[in-house]
Amino acid sequence: MADSSFDVVSKVDKMEADNALNQAHKEVEQRYDFKNIGASIEWSGEKVLMKANSAERVKAILEVFEAKLIKRGISLRSLDVGEPYASGKEYRLEASMKNGIEQEAAKKISKLIRDEAPKGVKSQIQGDELRVSSKSRDDLQATMALLKGADLDVALQFINFR
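Residues numbered from 1 in each chain as written. Predicted model: local features only at pLDDT ≥ 70, side-chain atom pairs only at ≥ 80, totals over all residues. Heavy atoms only, no water.

Participant: Teacher, can you tell me more about the overall build of the chain here?
Facilitator: Each helix and strand counted, the chain has four helices and nine strands in total. Start at the N end of the chain and walk to the C end: the helices and strands fall as β-α-β-β-α-β-β-β-α-β-β-α-β. Projected onto the principal axes, the alpha-carbon positions of the chain cover approximately 65 × 25 × 25 Å. A fraction of 60% describes how many contacts in the chain between residues 6 or more apart in sequence connect residues 24 or more apart. In the structure as shown, the chain presents an accessible area of about 9500 Å², 46% of it carried by carbon and sulfur atoms. In the chain, 27 side chains carry a positive charge and 27 a negative one; their mean positions are 2 Å apart. (Helix = DSSP H or I, 4+ residues; strand = E, 2+ residues; numbered from the N terminus. Contact = heavy atoms within 4.5 Å. Areas by Shrake-Rupley, 256 points an atom, 1.4 Å probe, with all protein chains shown as cover. Lys, Arg positive; Asp, Glu negative; His and termini not counted. Charge placed at Lys NZ, Arg CZ, Asp CG, Glu CD.)

Participant: Just to check I follow, could you spell out the packing of aromatic side chains for this structure?
Facilitator: Given two aromatic rings, one states the distance between the centres and the angle between the planes to describe the pair. Across all of its chains, the model carries two aromatic pairs by this definition. Where Phe-6 meets Phe-158, the ring centres are 5.6 Å apart and the plane angle is 85°; that geometry is what we call edge-to-face. Of this pair, Phe-6 sits in strand S1 (residues 4-9) while Phe-158 sits in strand S9 (residues 157-159), and the two are 152 residues apart along the sequence. Residue Phe-158 is classed as partly exposed on the basis of its relative accessible area, which comes to 22%. With 6.3 Å between their ring centres and 40° between their planes, Phe-6 and Phe-161 make a pair best called tilted. Separated by 155 residues along the polypeptide, Phe-6 in strand S1 and Phe-161 in the segment after S9 bring together distant segments of the chain. (Phe/Tyr/Trp six-rings, centres within 6.5 Å; stacked < 30°, edge-to-face > 60°. Buried < 20%, exposed > 50% of the residue type's maximum accessible area, 1.4 Å probe, protein only.)

Participant: What is the right way to read the pattern of salt bridges from this model?
Facilitator: Where charged atoms from two side chains of opposite charge come close, those side chains can pair. Applying the stated criterion to the full structure yields 13 salt bridges. Lys-47 serves as the salt-bridge partner of Glu-94, at 3.8 Å between the closest nitrogen and oxygen. Separated by 47 residues along the polypeptide, Glu-94 in strand S6 (residues 90-97) and Lys-47 in strand S3 (residues 47-52) bring together distant segments of the chain. A relative accessible area of 29% means that Glu-94 is categorised as partly exposed. Lys-111 is the partner of Asp-115 in a salt bridge, and the nearest nitrogen-oxygen pair spans 2.8 Å. (Salt bridge = Lys/Arg side-chain N within 4 Å of Asp/Glu carboxyl O.)

Participant: I keep staring at the domain arrangement of the chain and nothing clicks. Help me out?
Facilitator: Where the parts come together, the accessible area they lose is often given as the size of the interface. Once the domains are mapped, the chain shows domain 1 (4-11 + 101-159) and domain 2 (14-97). Inter-centroid distance (C-alpha atoms) of domain 1 to domain 2 is 32 Å. (Domains from an automatic or database assignment.)

Participant: Looking at this model, I keep getting lost on helix H3 (residues 103-116). Mind explaining?
Facilitator: Since the α-helix turns once every 3.6 residues, residues separated by three or four places project in the same direction. With 14 residues, H3 ought to run about 20 Å at 1.5 Å a step, and its terminal C-alpha atoms sit 20 Å apart, in line with that. Inspection of H3 places Ala-105, Ala-106, Ile-109, Ser-110, Leu-112 and Ile-113 among the buried residues, and these make up the whole buried set. One side of H3 holds all its buried residues, which, seen down the axis, span an arc of 155°. Every exposed residue of H3 that faces more than 90 degrees away from the buried side is listed here: Glu-104, Lys-107 and Arg-114. (Expected span 1.5 Å × (residues − 1). Arc of directions from axis to C-beta.)

The following block contains the structure:
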């Protein structure tokens with residue numbers, strides 16, 4: 001019997017992120033505490049740019065955006081947020097969406113699988129994803145449960161389970 005396998009990836013659905021940003025934009029436009037402070041949230045290339053007249057207000061916009069991401073099913077682990085910085089009279093905050101598993105994180109996940117997963121499970125790094133294979137599907141499902149329970153700083157999805 002051939003090996004069963006699945007891929008571990010870290011991807012953000014761009015459309016869902018765009019919908020979350022649009023919802024956050026509408027809320028920022030309508031909320032009373034954001035009136036007349038120049039508050040805005042928008043895409044700036046691949047990054048999300050938030051602007052307001054104080055650092056606290058920029059962080060409040062970020063909280064609104066995070067709430068919308070959670071509602072749309074996007075993990076906050078895939079959001080990479082910088083620090084608020086002054087730009088003229090306004091404060092800005094840039095955040096970017098992480099796509100793909102970095103080499104270092106992939107090695108960490110691979111080591112976790114090697115150390116704690118059932119014996120017949122093998123993993124190999126393929127670019128920005130990880131292929132996990134085994135003869136037993138039950139072992140693969142146990143490995144999935146292990147990875148879901150692990151405290152990793154990467155949002156993981158499991159695809160191509162065969």
